[in-house]
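Coordinates in review
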Amino acid sequence: MNSYRFRMIFPLSLIVLIVLASLGAILGPFFKEFYLERMSDRMEKESDVVAYYLQDIDLADRDLLQSITLDLSERLDVRITIIDPDGVVLAESEANPEDLENHLNRAEIQAVIRGDNGRETRYSSTVNKELLYFAMPLENGEGDEGFVRLGLEMEELNSVYQNIWTLLFVSFFIAFLVILILASKLTNQMIRPVEDARRVANELAKGNFSARTFEGANLETGELNRSINVLAENLEQITQTYENQQERLETLIENMGSGLILINTKGDITLLNRSCKAIFDEDTDLWKNQLYYKVIKHKKINKLIQEIFLTEKPTRKQLKLPIGIYFKHFDVHGAPIIGYDENLKGIVIVFHNITELKKLEQARKDFVANVSHELKTPVTSLKGFTETLLDGAMENEELRKQFLTIIANESERLEGLIYDLLELSKIEGTHFQLNWQPVNLDELIDEVFLILEEKAHLKNMHLSKKVTGSSQIIADSHRIKQILINLVNNAIVYTPEEGNITVRVKEQKETVLMEVEDSGIGMSKKEIPRVFERFYRVDRARSRNSGGTGLGLAIVKHLAEALHANLSVDSEVGKGTTFRLLFYKERQDEIQSDE
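Cut-offs applied
- Residues numbered from 1 in each chain as written.
- Predicted model: local features only at pLDDT ≥ 70, side-chain atom pairs only at ≥ 80, totals over all residues.
- Heavy atoms only, no water.
- Helix = DSSP H or I, 4+ residues; strand = E, 2+ residues; numbered from the N terminus.
- Contact = heavy atoms within 4.5 Å.
- Areas by Shrake-Rupley, 256 points an atom, 1.4 Å probe, with all protein chains shown as cover.
- Phe/Tyr/Trp six-rings, centres within 6.5 Å; stacked < 30°, edge-to-face > 60°.
- Buried < 20%, exposed > 50% of the residue type's maximum accessible area, 1.4 Å probe, protein only.
- Pairing = 2+ DSSP bridges.
- Axes fitted to C-alpha atoms, helices over the stretch in contact; angles between N-to-C directions.
- 1 Å grid on protein atoms, 1.4 Å probe; cavity = no way out; pocket = protein on both sides within 12 Å on 5 of 7 lines; lining within 4 Å.
- Points joined across faces, edges and corners; volume = space filled by probe spheres on them.
- Nonpolar A, V, L, I, M, F, W, Y, C, P; charged D, E, K, R; others polar.
- Polar contact = N/O pair within 3.5 Å; in protein donor to acceptor, adjacent residues only side chain to side chain.
- Salt bridge = Lys/Arg side-chain N within 4 Å of Asp/Glu carboxyl O.
- pLDDT = per-residue confidence, 0-100.
- Core = buried A, V, L, I, M, F, W, Y, C linked by side-chain atoms within 4.5 Å.
- Expected span 1.5 Å × (residues − 1).
- Arc of directions from axis to C-beta.

**So, the overall build of the protein chain**
Helix and strand content of the protein chain: 15 helices and 17 strands. For the protein chain, restricting intrachain contacts to residue pairs at least 6 apart in sequence, the fraction spanning at least 24 positions comes to 57%. Accessible area for the protein chain stands at about 35,400 Å²; split by element, carbon and sulfur atoms hold 53% of it.

Right under this line is the structure:
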């Protein structure tokens with residue numbers, strides 16, 4: 001903006017300077033000529049005075065004439081020369097008249113003879129100076145008697161001229177400075193709002209929409225600054241709205257559970273959210289601004305992208321992709337991005353991870369298949385033995401008794417299976433409630449041992465318990481008893497004859513630990529995660545022959561979760577299995593609500 005101020009002040013200063021210089025060039029010669037005219041008028045009047053003074057003097061008396069001339073010259077401060085009609089110098093104030101040559105041919109004398117103005121400026125060899133001469137005829141009563149000439153040194157005129165020029169220069173210089181100062185002030189008043197507007201415009205260009213300019217007076221610049229302030233305020237509001245929308249959009253995109261990929265028409269990936277890292281198990285930040293087929297290794301996805309680019313239609317597919325060492329299932333939605341000009345701007349791909357849904361669906365299928373299989377076996381037995389009896393076997397008392405015994409056992413097994421299914425469904429239901437009350441684990445263990453003692457005795461097994469500290473907790477005694485029955489019964493089933501089953505209870509600071517340990521066949525590490533699945537059996541033949549339904553441990557798991565107990569398993573093949581349940585002494589949902 002300094003250059004803008006310079007571009008305004010410099011031409012104005014130059015114009016003022018030229019005007020003042022021109023004015024000086026006009027006034028200087030004018031004043032010079034004016035002063036010269038005044039000096040000429042003065043010399044003319046002084047010449048009249050000298051002529052008047054000499055008209056009664058006898059010009060023949062040179063001594064008297066010389067004396068008067070010197071006296072007048074001193075009084076008037078001019079050179080006075082008296083000349084006769086023949087050009088002979090009669091008297092001279094600056095030299096001896098007798099030493100001077102004839103002056104008849106002097107220019108000023110010739111001008112008087114011709115009747116013109118006898119003013120002349122020339123160099124005088126007598127005084128060796130430039131003089132301004134003025135001559136006029138010297139008359140008496142009888143006519144012309146000669147000439148009277150006055151001479152004034154030009155040094156005096158030059159000094160006056162110099163003073164005039166100095167006065168003009170100083171006056172014009174002061175005027176120039178005053179004009180320059182006033183012009184600078186006016187320019188600053190005009191430029192300051194423009195500079196302020198420029199500053200705010202630069203800040204707006206940099207993205208600082210909070211900048212404002214001083215509006216000032218109600219002039220054009222004030223209106224300009226007000227308009228800029230309104231523009232800045234609108235830009236700030238628009239930018240803030242855009243940033244808020246952008247922030248909300250980014251937050252939504254980054255925190256959505258599904259993976260999102262945006263690809264432009266060139267095939268470059270322009271946007272990915274953080275869910276893509278978990279989906280593809282890769283550093284997907286490196287994919288940005290890369291061609292999709294160079295970074296996405298899955299051919300099924302690339303084929304889907306190519307299909308959307310070709311058809312420009314939304315597409316949905318379910319893909320099974322190898323991610324790391326596992327396979328994952330995705331519900332993939334792809335859609336083209338069509339602009340207002342009906343041209344393709346890119347495509348968007350959304351990945352919904354449905355692996356867990358697929359697992360649940362598979363679990364449901366397995367559950368239906370297992371239930372069907374578990375129900376089919378006793379039902380087939382019932383039907384087969386019943387048909388055999390109806391075909392005539394009931395006439396044979398021995399066969400009738402044997403078949404009826406099998407039918408009774410299968411009916412009992414079928415009843416147990418249905419009961420466990422209903423119980424498991426009830427536990428998993430939303431309306432399942434526990435009867436919280438003080439429970440003594442020591443007493444419950446004795447009750448369970450009493451129930452299963454006969455079954456353990458058939459295999460010559462030894463049931464024992466070890467209680468350390470208090471075994472009192474707040475829980476549902478019926479459900480705790482159900483857990484113990486399932487665990488101890490499971491231990492009896494999978495423990496060889498003459499095995500040992502031990503139930504331990506140990507009080508801790510805020511919890512009570514209960515362990516059910518057997519010396520049975522044990523499990524491998526890969527089987528432990530599946531042991532709580534419905535109908536999963538480590539040894540299917542042994543479990544089925546023992547009358548088990550395959551749902552006991554699944555019921556234990558769900559009851560443990562309902563009681564807020566921590567359930568864990570340790571097992572080693574051939575050495576036995578230990579189930580651990582860590583119960584809280586106090587009811588956990590009440591503690592959490594109090595907090």
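**Side note on the packing of aromatic side chains**
We describe a pair of aromatic rings using the distance from one ring centre to the other and the angle between the two ring planes. Counted under the stated rule, the structure contains 5 aromatic pairs. Through a chain of ring-to-ring contacts, three or more aromatic side chains come together here, namely Phe280, Trp287, Phe330 and Phe351.

**Some remarks on unusual backbone geometry**
One non-glycine residue, Asn289, adopts positive backbone phi at about 65 degrees. Positionally, Asn289 belongs in the loop between helix H6 (275–280) and helix H7 (292–295). For Asn289, a relative accessible area of 56% translates into the label exposed. With a phi close to 65 degrees, Glu342 is a non-glycine residue in the positive phi region. Topologically, Glu342 is positioned in the loop between strand S9 (326–338) and strand S10 (344–353).

**Observations regarding the sheet that holds strand S16 (residues 566–572)**
As summarised here, the arrangement of the 5 strands in space is S12-S14-S15-S17-S16, forming an open sheet in which the pairing is mixed. Looking at strand neighbours, the two that pair on one side only are strand S12 (462–468) and S16, the edges of this open sheet. Within this sheet the neighbouring strands show an average axis-to-axis angle of 15 degrees, counted without direction. Sheet topology places strand S14 (residues 500–507) next to strand S15 (residues 511–518); 7 bridges connect them, and they run antiparallel. Bridging across to S15, Val505 finds its partner in Met514.

**A few points about empty space enclosed by the protein**
Counted under the stated rule, the structure contains 2 cavities of 30 Å³ or more. The calculated volume of the largest cavity comes to roughly 50 Å³. As for the largest cavity, its lining consists of Trp436, Ile473, Ile474, Ala475, Leu563, His564, Phe583, Tyr584, Glu586, Arg587 and Gln588. Counting only elements with at least two residues in the lining of the largest cavity, the list comes to strand S13 (472–475) and strand S17 (576–584). Element by element, the count of residues in the lining of the largest cavity is highest for S13, at 3 residues. The space that makes up the second largest cavity amounts to roughly 30 Å³. Surrounding the second largest cavity, Gly28, Pro29, Lys32, Tyr161, Ile164 and Trp165 form its lining. Going through the elements one at a time, helix H1 (2–54) and helix H4 (154–206) are the ones with two or more residues in the lining of the second largest cavity. Within the lining of the second largest cavity, the residues separate by chemical class into 4 nonpolar, 1 polar and 1 charged.

**Focus: the side chain of Asp331**
Its place among the elements puts Asp331 in strand S9. Owing to a relative accessible area of 7%, Asp331 belongs among the buried residues under this scheme. Among the polar contacts made by the side chain of Asp331, one reaches the side chain of Arg316 at a distance of 2.7 Å. Of the polar contacts made by the side chain of Asp331, one reaches the side chain of His333; its length is 3.4 Å. If near-sequence neighbours (up to four positions away) are discounted, Asp331 is found in contact with Arg316, Lys317, Gln318, Val350, Phe351, His352 and Ile354.

**Digging into the pattern of salt bridges**
Within the structure shown, the criterion is met by 20 salt bridges. For Lys585, the salt bridge goes to Glu507, with nearest N and O atoms at 2.7 Å. Placement of the pair is Lys585 in the loop between S17 and helix H15 (588–594) and Glu507 in strand S14, with a sequence separation of 78 residues. Each of Arg504, Glu515, Glu517, Asp570 and Arg580 takes part in salt bridges that share partners, so that together they form one network.

**Digging into the confidence of the model for the protein chain**
The pLDDT averaged across the protein chain works out to 79; a share of 86% of its residues lies at or above 70. Predicted confidence for residues 540–547 stays below pLDDT 50, and this span has 15 contacts to residues more than four positions away or in other chains. pLDDT under 50 marks residues 590–595. Its contacts with residues more than four places away, or in other chains, come to 1 contact.

**Some thoughts on the nonpolar core**
Ranked by size, the top nonpolar core spans 42 residues in total, and within it Ile480, Leu484 and Phe583 carry the most contacts. Those residues in contact with Leu484 that lie beyond four places of it in its chain are Leu444, Ile445, Val448, Asn489, Val503, Met514 and Val516. Core analysis: the second largest hydrophobic core is formed by 33 residues, Val50, Ile68, Val78 and Leu150 among them.

**Let's talk about helix H2 (residues 62–76)**
Each turn of an α-helix holds 3.6 residues, which means side chains three or four residues apart point in the same direction. In this model, H2 (15 residues) spans 20 Å end to end at C-alpha, consistent with the 21 Å of a helix rising 1.5 Å per residue. If you check which residues of H2 are buried, you get Leu65, Gln66, Ile68, Thr69, Leu72 and Ser73. When H2 is viewed along its axis, its buried side chains cluster within an angular range of 165 degrees and face the same direction. Along H2, exposed side chains directed more than 90 degrees from the buried face belong to Asp63, Glu74 and Arg75.

**Considering the pairing of S13**
Only one face of S13 is covered, namely the face carrying Ile473 and Ala475; the face carrying Gln472 and Ile474 is uncovered. Here strand S11 (residues 437–440) pairs with S13 via 4 bridges, running antiparallel. From the neighbouring strand, Gln437 faces S13, where its bridge partner is Ala475.

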